[in-house]
Structures are given as structure tokens and as C-alpha cells.
Amino acid sequence: MWPLISLSFILYFVPCYQQFPRLCATREALLTKECCPLWDGDGSACGTNSGRGFCQDVEVSDQPDGPQYPFSGLDDREKWPLVFYNRTCQCTKNFMGFNCADCKFGYFGVNCSERRESVRRNIFHLSRTERIRLLSYLNLAKHTVSRDYVVATGTYREMENGSNPMFANMSVFDVFV
Ligand SMILES: *[C@@H]1O[C@H](CO)[C@@H](O)[C@H](O)[C@H]1NC(C)=O
Ligand SMILES: *[C@@H]1O[C@H](CO)[C@@H](O)[C@H](O)[C@H]1NC(C)=O
Ligand SMILES: *[C@@H]1O[C@H](CO)[C@@H](O)[C@H](O)[C@H]1NC(C)=O
Ligand SMILES: *[C@@H]1O[C@H](CO)[C@@H](O)[C@H](O)[C@H]1NC(C)=O
């Protein structure tokens, strides 16, 4: 069953913010607390010059933390991502991603304005060739280092409050899972 479960992650993935954009896993980004990488398309932070997004102060809810945070004041995930960053890209329209380079799920095209339906198919209804292709891609994802994301290997304190970044590569598969 796992390929189905993984696939549903890929197709219905709700962005999870506990991975770090590689471009923001730097000493400079951590010390300034700004994670607003340039968009390749026009070389501006968050693609601002093309109307894709803006670099903005992060606003987080001031609701009290839930019971999943028993270590008050110690858990870096509290008020995420404020421990690490207080300015990030806020994307407009159908743009998405840490630098607004991507389209929201279901949207395609250079301006992310083309809506296309994605259909999740039952793995048991795939042909043998399709099934082999699916599994090959999953396998490839497990063996491909993510270009965009890394994972933290230490706490903010352990990173000496940002001056000693501690991050490791992760696979494309891990990014989704
Ligand atoms: C964001 O963090 C930086 C670095 O600690 C700090 O200088 C700045 O005042 C903070 N900005 C806001 C809006 O809290
Ligand atoms: C994308 O948007 C730009 C700027 O609004 C526009 O000039 C261009 O024609 C659009 N391209 C497509 C393919 O829609
Ligand atoms: C990190 O910040 C904390 C709280 O401001 C401070 O107590 C600690 O000494 C700092 N650690 C380093 C290595 O700068
Ligand atoms: C992490 O991945 C990048 C990009 O693929 C590569 O250049 C780098 O050497 C890798 N680092 C480690 C520690 O494996």
C-alpha cells in the first residue's frame, strides 16, 4: 500500500514548513532572519519585479501552543518560523514556494494561470508498464538529493543562534514525506 500513500502525499501535499530552503540555510540568512531568495526568472527577491510575491515580515498567530508543544520556550517550532526567520516571501495569485517560483497545486504555465485537473489513479488499475514507471520514479526520488530543501540537524541554540548553520541534504522523497 505504501506507493498509494506516498502518491497521495505527492498529489495532495499540503505545504509543510519544517524543511529549510537550501538558499536560506546560510549564516547570513539566519543572522538577518530573512529568507527571501531571488527568483531566477527576473533576479528579484520573491519575484517581486514580476508581481509574483513580496518579502514581508512574518505574522504568526498569538494563540497559545497546543499540547504537542510540551517544552515551552525550548521548542524551535513554536511560533514557526520566527525562531529562524522573521521575513519570508509571501506569494500572490497562484504562485507558491519559498521564492514564489512554483505554482499552487493544480496550476500550470509560466504565469501559473492554467488550471488543470490532476486525477489520482488507483495503483491496482495501472498497467504493468505504468506501475513500473511509477515505482521507478519513487525509487529515483529516494536516490535524488533535493535541490531546493535541506533538513536541520541541530537546534537554533546548537547552531549558535544562527552563526553556525547545521543542515543536511535530504532526498526528494523525504521532502514529500
Ligand atoms: C528580525 O530579526 C532581525 C535579526 O534578529 C532583527 O534585527 C529585526 O529587528 C527583526 N525584525 C522584526 C520585524 O522583528
Ligand atoms: C504572463 O504574464 C506576463 C506579465 O503579466 C505577460 O506579459 C505574458 O504575456 C503572460 N504569458 C502568458 C503565456 O500568459
Ligand atoms: C543564543 O541566544 C541566547 C538567548 O538570547 C543566549 O542566552 C545564548 O548565549 C546565545 N548563544 C550564543 C552561542 O550566542
Ligand atoms: C548536498 O547536495 C549538494 C547538491 O546536490 C551537493 O553539492 C553537496 O555536496 C551535498 N552535500 C553533502 C554533505 O552530501
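First things first, this report covers the structure right here in the doc. Worth saying up front: this structure is predicted, and the values here are computed from it rather than measured. (Residues numbered from 1 in each chain as written. Chains lettered and ligands numbered in written order. Predicted model: local features only at pLDDT ≥ 70, side-chain atom pairs only at ≥ 80, totals over all residues. Heavy atoms only, no water.)

### Remarks on the state of the cysteines
Now for step 1: Applying the stated criterion to the full structure yields five disulfides.
Now for step 2: Residue Cys36 pairs covalently with Cys55 via a disulfide, S to S 2.0 Å. The chirality of the disulfide connecting Cys36 with Cys55 is right-handed, given an S-S dihedral of about 80°. Note that Cys36 is positioned in the loop between strand S2 (34–35) and strand S3 (38–39) and Cys55 in strand S5 (residues 53–57), a separation of 19 residues in sequence.
Now for step 3: For Cys36, a relative accessible area of 10% translates into the label buried.
Now for step 4: Across a sulfur-sulfur distance of 2.2 Å, Cys91 and Cys100 are joined as a disulfide pair. For the disulfide bridge between Cys91 and Cys100, the dihedral angle about the S-S bond is near -90°, and by the sign convention the bridge is left-handed.
Now for step 5: A relative accessible area of 28% places Cys91 in the partly exposed class.
Now for step 6: Judged by its relative accessible area of 0%, Cys100 falls in the buried class.
Now for step 7: If you count the bonded cysteines of the chain from the N-terminus, they pair up as 1-2, 3-5, 4-6, 7-8, 9-10. (Disulfide = S-S within 2.5 Å. Helix = DSSP H or I, 4+ residues; strand = E, 2+ residues; numbered from the N terminus. Buried < 20%, exposed > 50% of the residue type's maximum accessible area, 1.4 Å probe, protein only.)

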